[in-house]
Every structure is written in structure tokens, then in C-alpha cells.
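Secondary and tertiary structure notes
Residues per chain, in single letters:
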Amino acid sequence: EKKKNKTKQKVERFETSMGGKKKKRQEKSSVPTLKELGNEAFLNKKFKTAIDLYSQAIETDVDNAILYSNRCAAYMGDDQLDLALKDAETCIAKDPNFVKGYYRRAIVYRDMD
């Protein structure tokens with residue numbers, strides 16, 4: 001519970017630092033930290049923040065299929081299905097054995113109809 005509150009505070013600080021302006025980079029943050037913050041933002045339905053955090057993590061680790069899968073889910077939550085489909089396809093290309101990529105693609109196709 002303490003860890004969740006601490007993570008939530010980090011997400012809130014990140015959002016405050018964005019201050020309605022163009023996204024501010026957290027260059028010193030590690031991929032796991034950015035992913036964790038993205039996950040927390042996603043759970044709180046702050047999809048744009050989650051997308052930004054996952055995007056920053058992807059800039060550092062471009063071959064991480066899980067990050068594309070997570071950003072895909074955030075794009076779906078934000079109703080950006082074209083971008084969600086692109087991330088699902090990238091996820092599958094990065095790791096064809098990661099089943100969740102296929103699942104995400106199927107959900108995007110379903111929601112596009």
C-alpha cells in the first residue's frame with residue numbers, strides 16, 4: 001500500500017511538471033521506473049500520461065515488446081485505435097512469442113468495427 005501511494009505521488013508530480021505544456025522528459029528515470037509510473041497512470045485512467053511515460057521508456061528500450069503492449073492498451077483507453085494497432089503490430093514484430101501482442105491486436109480490430 002505504501003509503495004502504491006509513493007508511485008501515485010510520483011505520477012502526480014510528473015503530471016504537475018508537465019504543467020499543461022509540451023511533455024517534459026524524465027531523462028534520469030530508468031525504464032522500470034517509467035513503466036511502473038505508466039502502469040499507475042493507466043490504472044488511474046490517466047491514459048495520456050501513461051502514453052507519455054511508456055513512450056519515454058520506449059525511447060530508451062526500443063526492443064521491449066511489453067512497453068509497446070502497455071502503450072497499446074493506453075492508446076485503446078484513449079480511443080486512439082490507429083496508434084494502438086500500430087503498437088500491437090510492433091509488439092508482435094519485436095517478440096512473436098509474446099501472446100499478449102496478438103490479444104491486443106485482436107481487441108483493437110474488434111473495437112474498430
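Note that this is a predicted model, so its numbers are computed, not measured. (Residues numbered from 1 in each chain as written. Predicted model: local features only at pLDDT ≥ 70, side-chain atom pairs only at ≥ 80, totals over all residues. Heavy atoms only, no water.)

1. Description of the confidence of the model for the chain
Model confidence for the chain is summarised by a mean pLDDT of 87, while 75% of its residues fall at 70 or above. Taken together, the stretch residues 20-27 has pLDDT below 50 and engages in 13 contacts with residues farther than four places along the chain or on a different chain. (pLDDT = per-residue confidence, 0-100. Contact = heavy atoms within 4.5 Å.)

2. Regarding the packing of helix H2 (residues 31-43) against helix H3 (residues 47-60)
The contact between H2 and H3 brings their axes to 8 Å, and the two run at 165°. Regarding the angle of H2 to H3, the classification is roughly antiparallel. For the pair H2 and H3, the sense of crossing is left-handed. Here Val31, Leu34, Lys35, Leu37, Gly38, Asn39, Ala41 and Phe42 of H2 come into contact with H3, specifically with Phe47, Thr49, Ala50, Leu53, Tyr54, Gln56, Ala57 and Thr60. Tallied by class, residues from the contact of H2 with H3 come to 10 nonpolar, 5 polar and 1 charged. (Axes fitted to C-alpha atoms, helices over the stretch in contact; angles between N-to-C directions. Helix = DSSP H or I, 4+ residues; strand = E, 2+ residues; numbered from the N terminus. Parallel < 35°, antiparallel > 145°, perpendicular 65-115°, else oblique. Left-handed = near helix turned anticlockwise from the far one by under 90°. Nonpolar A, V, L, I, M, F, W, Y, C, P; charged D, E, K, R; others polar.)

3. Comments concerning the environment of aspartate 95
Inspection of the secondary structure assignment puts aspartate 95 in the loop between helix H5 (81-94) and helix H6 (99-112). A C-alpha to C-alpha distance of 8.5 Å links aspartate 95 and aspartate 63, two positions 32 residues apart in sequence.

4. Side note on H6
In this model H6 runs 20 Å from its N-terminal to its C-terminal C-alpha over 14 residues, within 8% of the 20 Å that 1.5 Å per residue would give. If you check which residues of H6 are buried, you get Gly101, Arg104, Ile107 and Val108. For H6, the angular spread of buried residues about the axis comes to 125°, placing them on one side. Those residues of H6 that are exposed and aimed more than 90 degrees away from the buried face are Val99, Tyr103 and Arg110. (Expected span 1.5 Å × (residues − 1). Buried < 20%, exposed > 50% of the residue type's maximum accessible area, 1.4 Å probe, protein only. Arc of directions from axis to C-beta.)

5. Regarding the environment of glutamate 89
Locating glutamate 89 in the fold gives a position in helix H5. Sequence separation between glutamate 89 and tyrosine 68 is 21 residues; the distance between their C-alpha atoms is 8.9 Å. Those residues in contact with glutamate 89 that lie beyond four places of it in its chain are Arg105 and Tyr109. Separated by 3.5 Å, the side chains of glutamate 89 and arginine 105 make a polar contact. (Polar contact = N/O pair within 3.5 Å; in protein donor to acceptor, adjacent residues only side chain to side chain.)

6. Side note on the packing of H3 against helix H4 (residues 65-77)
Their axes nearest at 9 Å, the elements H3 and H4 cross at an angle of 160°. Considered as vectors, H3 and H4 are oriented roughly antiparallel to each other. The hand of the H3/H4 crossing is left-handed. Within the contact between the two elements, H3 uses Phe47, Ala50, Ile51, Tyr54, Ser55, Ala57 and Ile58 and H4 uses Leu67, Tyr68, Asn70, Arg71, Ala74, Tyr75 and Gly77. Residue classes in the contact of H3 with H4 are distributed as 10 nonpolar, 3 polar and 1 charged.

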